[in-house]
Amino acid sequence: MKNPNIILWASFFAVLILLASISLFAIIRGSNQMLSFTPEQNETLEITLDGKKYIIEPRLMDKIAPELQKSLSLKRQNSQYHIDKYIDSSLNRAFAESIQNTYHFGSWYYSLPAEYTRLAKALTGNMATYLTNKMKSLVFQNLDEHINDSIQSINLTLSDNINNHSKQIYQELATMLSKIQQPSNTPSTLNKVIFNNPMAIDQKLIQRQIVSGLSAVGVFAALTSGKTLGAVVVKQSISKIAGTKTFQLAAVLLAKFATKSAVKSGGALGAGASGVVICSPGGLLAVLCGSGAALITWVGVDQAFLKFDEHLNRQAFEKDIVISIIQQREALKMHLKKGYKEVIHQQYHNIFLQLSKQIQFKNNYIPAETIIKDTSTH
Amino acid sequence: MQNNSSRTHIVIPLFLAYLLLYGWAHYYQQLNCLVAILLMSCVLFCMANSMWESALMRRQTFLSRYLISDSPFFYWFKGGVFMLLWQVSKATFFTLFLLMEVIFWPTSLWIILLIDIIIISLCYPYYKKRIKQHVKKKYSDILIRQYLLFINSLLIVILIMPLYFFSAHKNYHAYSLISAISEEVKNIHCHCNVVESLVQLATTKEVASWWTIQSVINKINPPYLIFSLWLLFFCIICTFVWGYNRMILGTLSNPFWLLQKNQ
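As a convention, each chain's residues are numbered from 1 in the sequence order in which they are written. All chains are assigned letters beginning at A, and all ligands numbers beginning at 1, according to the order in which they are written. Residues qualify for local features only when their pLDDT is at least 70, as the model is predicted, and side-chain atom pairs are given and counted only at 80 or more; totals for whole chains, interfaces and linings, by contrast, use all residues. With hydrogens and water excluded, all non-hydrogen atoms of the structure serve as input to the side-chain values.

**Q** Looking at this structure, how should I read the nonpolar core?
**A** Where a protein is soluble and globular, its nonpolar side chains tend to be buried together. Throughout, nonpolar core names a set of buried Ala, Val, Leu, Ile, Met, Phe, Trp, Tyr and Cys residues whose side chains join them through atoms within 4.5 Å. When accessible area is computed with a 1.4 Å probe and restricted to protein chains, residues below 20% of their type maximum are described as buried, those above 50% as exposed, and intermediate ones as partly exposed. Trp24, Trp105, Trp230 and Tyr244 of chain B are the most contacted members of the largest nonpolar core, which totals 74 residues. Secondary structure elements follow DSSP: runs of H or I of four or more residues count as helices, runs of E of two or more count as strands, with numbering from the N terminus. In terms of residue count, helix 6 (residues 137-166) of chain B provides more of this core than any other element does, 9 residues in total. Those residues in contact with tryptophan 230 of chain B that lie beyond four places of it in its chain are Tyr365, Pro367, Thr370 and Ile371 of chain A together with Phe165, Trp210, Ile213 and Ile217 of chain B. Counting residues in each nonpolar core, the second largest holds 67 residues, with Ile56, Tyr109, Val234 and Ile241 of chain A among its members. By definition in these notes, contact holds between two residues if any of their heavy atoms fall within 4.5 Å.

This is the structure:
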């Protein structure tokens, strides 16, 4: 019974292997035939580009597509690089004034009138609000305008850049077509292709796109309510600075108050007493003298403490503010670069779509074609 | 009847292993980290099982052939924990490599592998019956799996090479290497961040290899050179086939059988 089993299995596998081999051979041969099949082409293309007519063999258009695609990709990278650098320089200029103004803010902060105004606001109003408003007026007075101007100039630069590149692409296409065109007396049989002029991009379109892109980012959600980017950034900058440790410590009055009070009470009492003694023959004058001396002592101690505080802490105070401003600036740069990258990608994709209506851009790569097409040309 | 039941015993674990890989390839993005690690562990277990079995057999052959049974060398080289750990480390590497490769497999390849499992299930009992006449019972299964590993790998590579050769792939002509990689990587989003990082690495490798070969081929003229380059390229990218076979055959392996008999 062994032999029939062997014959049975052998024939079973032999048939399977034979069928598999035939199928595989058919697949390979058939694919080979399909790839090497080029229908006879008597037809030509009449392409109209920028008013000029070109008579082209359709198969030669395949040579243009990869070159054009590569050129488009390089121009997109160029636009990206150019805009990134412009964002850096533009925002550096926009924030420069604010960074310089921190010195003036420090000078105001460590002055006696400012100290007493803050105390008064603490007593009667809202000291925190007063401080942030003061910061806005002294440090960030023109920042929102500068930022909005920067954005407008970036949008203008980008639109000019993309429009130039778009024109260059069409010029390159014209050059390529002129290299592969047939003699003008070649009869044009069938297809007529008209390339429309490249669409000019308006900076307002870019502005809408960038605002829409940034609104989706959490920190810029306020843009949806109609606020300008500059106003949003100023508000965020103030919040950031108000959150720094140095700023918080500087704004705490009680710590200073306790120290100063101890000194003042001893000094003021002494000054008051000596004032009374000096002016003692005067009676009422003695009271006035005493009060005046106490007042002078009070202010004197405040001034001394203020100077001491300034000497110890001003540098760190201003440094913290500057660091916060720089961090805010760099964060804004990062968000803008990301947003403009999407805008650039979208705009170049539109150019690509416009071109691909007439030119077949092949997104597929078949390894077999690299051999078969080459053998067909030999 | 015996043949049918033994075929069932073979086809079920093979099919389950296939299903495991298929599920991973199609749902890796939705899996949370715990499930992903569980899946990876299952694949790792199968791979390590297979590797340990062949390592044990080779080690036992070495011991019985070359070393005196009473010597300390025999005791030290007997295998055990260190060998197991080494096999598990190798299996970990190959598991990660295999799991990152399967996500790029086209549907036609999955169909070929499914047919391959059916063929293995049909052939396995037949080979087992044939080989028992010539080989010691203890080692017949192991030897069949060793031969199957090699033969099946070769067969699959021969089948999928034309598949890759004539099928369409992404064209990277218009991209630089960095832009091609960033274009592909930015679309990867997985529930588990560890899996996402691994997939991004695998995608980078895949894009870089296809971009490189497309750029190089573009600059070469002679067809025979182009063909040789493609052959070399496909041989390299088909190395995952060995890992795949290790994994599915690992579901049939039983290295503890070797250890018991040795004791």
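So, next bit.
**Q** Got a minute to help me understand the packing of aromatic side chains in this structure?
**A** Given two aromatic rings, their pairing is described by the distance between the two centres and the angle made by the two planes. Two aromatic rings, drawn from Phe, Tyr or Trp (for Trp, its six-membered ring), form a pair once their centres lie within 6.5 Å of each other, and the interplanar angle then sorts them: stacked below 30 degrees, edge-to-face above 60, tilted otherwise. Counted by the stated rule, this structure contains 31 aromatic pairs over all chains. Their ring planes at 15 degrees and their centres at 5.9 Å tell us that tyrosine 164 of chain B and phenylalanine 234 of chain B sit as a pair that is stacked. Note that tyrosine 164 of chain B is positioned in helix 6 and phenylalanine 234 of chain B in helix 9 (residues 223-237), a separation of 70 residues in sequence. Taken as a pair, tyrosine 164 of chain B and phenylalanine 234 of chain B share a single burial class, namely buried. Feature note: the residues Tyr365 of chain A together with Tyr164, Phe165, Phe166, Trp210, Phe227, Trp230, Phe233 and Phe234 of chain B constitute an aromatic cluster, connected by ring pairs. In this structure, arginine 118 of chain A is placed above the aromatic ring of tryptophan 108 of chain A, and the distance from its NZ or CZ to the ring centre is 5.6 Å. Each ring is checked for a lysine NZ or an arginine CZ that lies within 6 Å of its centre and within 35 degrees of its normal; such an atom marks a charge sitting over the ring. Positioned above the aromatic ring of tyrosine 109 of chain A, the side-chain terminus of arginine 118 of chain A is 3.8 Å from the ring centre.

**Q** Is there a simple way to explain the environment of asparagine 163 of chain A in this structure?
**A** Looking at the secondary structure, you find asparagine 163 of chain A in helix 5 (residues 143-180). Sequence separation between asparagine 163 of chain A and aspartate 202 of chain A is 39 residues; the distance between their C-alpha atoms is 9.1 Å.

**Q** Looking at this model, I keep getting lost on the pattern of salt bridges. Mind explaining?
**A** Once their charged atoms are close, side chains differing in charge can pair, the charge on each being opposite to the other. Residues and elements named next belong to chain A. Salt bridges are identified by distance alone: a Lys or Arg side-chain nitrogen within 4 Å of an Asp or Glu carboxyl oxygen. Under the definition given, this model contains 15 salt bridges over all chains. Lysine 75 serves as the salt-bridge partner of glutamate 172, at 2.8 Å between the closest nitrogen and oxygen. A residue pair is termed long-range when its members are at least 10 positions apart, and glutamate 172 in helix 5 and lysine 75 in helix 2 (residues 61-109) qualify at 97 residues. For glutamate 172, a relative accessible area of 25% gives the class partly exposed. We classify lysine 75 as buried; its relative accessible area is 10%. Two residues, glutamate 318 and arginine 314, come together in a salt bridge whose shortest N-O distance is 2.5 Å. Here the residue glutamate 318 and the residue arginine 314 both occupy positions in helix 10 (residues 284-356), the gap between them amounting to 4 residues, near one helical turn. Of the two residues, glutamate 318 and arginine 314, neither departs from the other in class, the shared state being buried. Linked by salt bridges that have partners in common, Asp88, Arg329, Glu330, Lys333 and Lys337 make up one network.

**Q** What exactly am I supposed to notice about the environment of valine 88 of chain B here?
**A** Residues and elements named next belong to chain B. Here valine 88 lies in helix 4 (residues 81-102). Residues valine 88 and leucine 44, 44 residues apart in the sequence, show an inter-C-alpha distance of 7.7 Å. Not counting residues up to four positions away in its chain, the partners in contact with valine 88 are Leu44 and Ala48.

**Q** What is the right way to look at the sheet that holds strand 1 (residues 45-49) of chain A in this model?
**A** Sheets are built from strands that pair by backbone hydrogen bonding, the pairs being arranged parallel or antiparallel. Residues and elements named next belong to chain A. The strand order across the open sheet formed by 3 strands is 2-1-3, and the pairing between neighbours is mixed. Each end of this open sheet is capped by a strand with a single partner; those strands are strand 2 (52-56) and strand 3 (192-195). Strand after strand, the sheet turns through a mean of 20 degrees between neighbouring axes, direction not considered. Pairing between strand 1 and strand 3: 4 bridges, direction parallel. Note on strand 3: the bridge partner recorded for threonine 48 is isoleucine 194. Any two strands with at least two DSSP bridges between them are considered paired. Only the contacting stretch of a helix is used when fitting its axis, a line to C-alpha atoms as for every element, and angles between N-to-C directions run 0 to 180 degrees.

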